[in-house]
Amino acid sequence: MIYSKFHRTYSRILVRFLCLFCLGTLSTQATSASKVLILGDSLSAGYGLKQEQGWVHLLQYTYENKKQPIKLINASISGETSGGALRRLDAILKAQQPDFVLIEIGGNDGLRGFPIKALENNLLQLIEKTRNFGAIPAVMTIQIPPNYGPRYSKMFINSFKKVTDQSNTTLLPFFMNDIAIEKKFMQQDGIHPNKEAQPFIRDKMEKEINNWVNSSKS
């Protein structure tokens, strides 16, 4: 009788311990995903598309299907400039608590002919704010149409490498490089990618983000 009571008590304690252990393991797994904030403009916000059609949403779906521990947070806004992103960043970092921040910003600065020096300063501040928060930044190269003149266009494109070299920050290639030259992948405005282009952007960005995140952890 005494042995039976002891056995039942021991069994209950063991079951509780196993339940707590499993819950703790699941909780750790749930919180171990790398949170990647996409700080971008209309190219990442999915301008002219439904939210679920954009590359960020498609890539998150891919990560979930592959059970990869990466959570994308899309803080992109159509029409965003480097100055606008800089004003928003503190609040976004506090609210979202990301581990990584991808800065896909600058296109609207270029399209509006903003001074290159101002763009560079804003990008450097975005990088600094990200690092001060404790997250790891990366910057995407952005290109603009050639009709702004060769001098301005060259200075604009070079500014991204200049900033990332100066700050020792990862520089990612522009995901529109092979897409913008294909009319079938562009909306009528000739600037924004259409629905058909989004899976190609997703595949490109899966590779780039995976390499960036994994290399940063090693």
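Residues numbered from 1 in each chain as written. Predicted model: local features only at pLDDT ≥ 70, side-chain atom pairs only at ≥ 80, totals over all residues. Heavy atoms only, no water.

### Some remarks on the side chain of Ser42
Here's step 1: By the secondary structure assignment, Ser42 is in helix α2 (residues 42–45).
Here's step 2: Under the relative-accessibility criterion, Ser42 is labelled buried at 9%.
Here's step 3: Here His192 takes part through its side chain, which lies 2.8 Å from a polar atom of the side chain of Ser42.
Here's step 4: If we ignore the near neighbours within four places in the chain, the residues touching Ser42 are Tyr47, Ile77, Ser78, Gly79 and His192. (Helix = DSSP H or I, 4+ residues; strand = E, 2+ residues; numbered from the N terminus. Buried < 20%, exposed > 50% of the residue type's maximum accessible area, 1.4 Å probe, protein only. Polar contact = N/O pair within 3.5 Å; in protein donor to acceptor, adjacent residues only side chain to side chain. Contact = heavy atoms within 4.5 Å.)

### Side note on the confidence of the model for the protein
Do not read the fine detail of predicted coordinates wherever pLDDT is low.
Here's step 1: Of all residues in the protein, 86% attain a pLDDT of 70 or more, and the chain-wide mean is 90.
Here's step 2: Contacts for the low-pLDDT stretch residues 17–30, under 50 throughout, to residues beyond four places or in other chains number zero contacts. (pLDDT = per-residue confidence, 0-100.)

### Looking at the nonpolar core
Generally speaking, a soluble globular protein has its nonpolar side chains buried in company with each other.
Here's step 1: Trp55, Met205 and Ile209 are the most contacted members of the largest nonpolar core, which totals 51 residues.
Here's step 2: The residues touching Trp55, leaving out its near neighbours within four places in the chain, are Ile38, Leu43, Ser44, Phe175, Gln198, Ile201, Arg202, Met205 and Ile209. (Core = buried A, V, L, I, M, F, W, Y, C linked by side-chain atoms within 4.5 Å.)

### Points about the packing of helix α6 (residues 116–133) against helix α7 (residues 150–167)
Here's step 1: Between α6 and α7, whose axes approach to 10 Å, the crossing angle comes to 30°. Judged on the interaxial angle alone, α7 and α6 are roughly parallel. The hand of the α6/α7 crossing is right-handed. For the pair α6 and α7, the contacting residues are Ile116, Leu119, Glu120, Leu123, Leu124, Ile127 and Arg131 in the first and Tyr152, Met155, Phe156, Ser159, Phe160, Lys162, Val163, Gln166 and Ser167 in the second.
Here's step 2: When the residues that make up the contact of α6 with α7 are grouped by side-chain class, the tally is 10 nonpolar, three polar and three charged. (Axes fitted to C-alpha atoms, helices over the stretch in contact; angles between N-to-C directions. Parallel < 35°, antiparallel > 145°, perpendicular 65-115°, else oblique. Left-handed = near helix turned anticlockwise from the far one by under 90°. Nonpolar A, V, L, I, M, F, W, Y, C, P; charged D, E, K, R; others polar.)

### Section: the environment of Leu58
Here's step 1: The residue Leu58 is located in helix α3 (residues 55–65) in this model.
Here's step 2: As for Leu58 and Arg202, which are separated by 144 residues in sequence, their C-alpha atoms are 6.5 Å apart.
Here's step 3: Leave out the neighbours within four places in its chain, and Leu58 touches Glu52, Gln53, Gln198, Pro199 and Arg202.

### Side note on the pairing of strand β4 (residues 136–140)
Here's step 1: The buried count for β4 comes to four of five residues, which makes it a mostly enclosed element.
Here's step 2: One ladder, built from four bridges, connects strand β3 (residues 100–104) with β4; its direction is parallel. Residue pairing in the sheet places Phe100 in a bridge with Ile136 of β4.
Here's step 3: Of the pairings in the sheet, the one linking β4 to strand β5 (residues 170–172) comprises three bridges and is parallel in character. For Ala138, the partnering residue across the bridge sits in β5 and is Thr170.
Here's step 4: Running through α7, the crossover from β4 to the neighbouring parallel element β5 is right-handed. (Pairing = 2+ DSSP bridges. Right-handed = clockwise from strand over helix to strand, strands pointing away.)

### With respect to the packing of α3 against helix α8 (residues 198–217)
Between two packed helices, both the angle of their axes relative to each other and the distance between the axes serve to describe the pair.
Here's step 1: Orientation of α3 relative to α8, taken along the N-to-C sense of each, is 60°, at an axis distance of 9 Å. One element, α3, and the other, α8, form an angle in the oblique class. In the crossing of α3 with α8, the sense of the turn from one axis to the other is right-handed. Where α3 approaches α8, its residues Trp55, Leu58, Leu59, Thr62 and Tyr63 are matched on the opposing element by Gln198, Pro199, Ile201, Arg202, Met205, Glu206, Ile209 and Asn210.

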